[in-house]
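# Examination of the molecular architecture
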Amino acid sequence: MLNIVLFGPPGAGKGTVAKKVAQQENLVHLSTGDMLREEIERGSALGKEAGQLIAQGHLVPDEVVIAMVREFVKRAMPCNGFIFDGFPRTTEQAKELDAIMATQGTAITMMIALEVSEDEIIRRMLNRAAIEGRPDDTISVIRKRIATYHEKIKTTGDYYKLQNKYYTVDSSFTPENTLQQILLIVKR
Ligand code: AMP
């Protein structure tokens, strides 16, 4: 199986590119952000709790997202592999993902980290806010989400660096360019 963790700051284009990689490589796409937004729309208890945290640019508790991912992976098996988009975001989540993969007799192949400047992130997210109207795409929440990324999430990359599974891609250009760079790494 090919199991990719796609990583990067908010606004790096993870969602768009993850869907394209999933199509090209016949992988199951799993986005914890999308799953949480579905819960919010459904108005579930989980959605209500998560909605408040997301609107403030905070992370949702590890145990909540880990339980969602565990269930999703179990239901998606058997398959060719997964592309995890926006998960794991903490070392605890990374460790649990390894355990989840191990119970399915597989492992994470690599993490691919998208890199993009902060000015470009803000420009893209304000643009997305104008188009999609996501409540967490306001300038103050965007800044908080970037700060959360630097404070908590970025260290998750170290978990994969230590295992020699960490690759970076410059995602300052077009989504197509980012996709091609990722496919080169995957094919290698
Ligand atoms: P995303 O669509 O991946 O940018 O996620 C939107 C928001 O959902 C994030 O800012 C977090 O509040 C929450 N979220 C998504 N994935 C996770 C995760 N793996 N761990 C904690 N919170 C998450």
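Preceding this paragraph is the structure being described.
Parameters and conventions
Residues numbered from 1 in each chain as written. Predicted model: local features only at pLDDT ≥ 70, side-chain atom pairs only at ≥ 80, totals over all residues. Heavy atoms only, no water. Helix = DSSP H or I, 4+ residues; strand = E, 2+ residues; numbered from the N terminus. Buried < 20%, exposed > 50% of the residue type's maximum accessible area, 1.4 Å probe, protein only. Contact = heavy atoms within 4.5 Å. Areas by Shrake-Rupley, 256 points an atom, 1.4 Å probe, with all protein chains shown as cover. Lys, Arg positive; Asp, Glu negative; His and termini not counted. Charge placed at Lys NZ, Arg CZ, Asp CG, Glu CD.

### Considering the overall build of the protein
Counting its secondary structure elements, the protein contains nine helices and five strands. Going residue by residue from the N terminus, the α and β elements of the protein occur as β-α-β-α-α-α-β-α-β-α-α-α-β-α. If you line up the protein on its principal axes, its C-alpha atoms span 40 × 40 × 30 Å. Residue burial in the protein is summarised as follows: out of 188 residues, 47% are buried. Partitioning the contacts of the protein with sequence separation of at least 6, the portion at a separation of at least 24 is 74%. When the accessible surface of the protein is totalled, it reaches about 9500 Å², and 52% of it is carbon and sulfur. For the protein, the distance from the average position of its 24 positive side-chain charges to the average position of its 24 negative side-chain charges is 1 Å.

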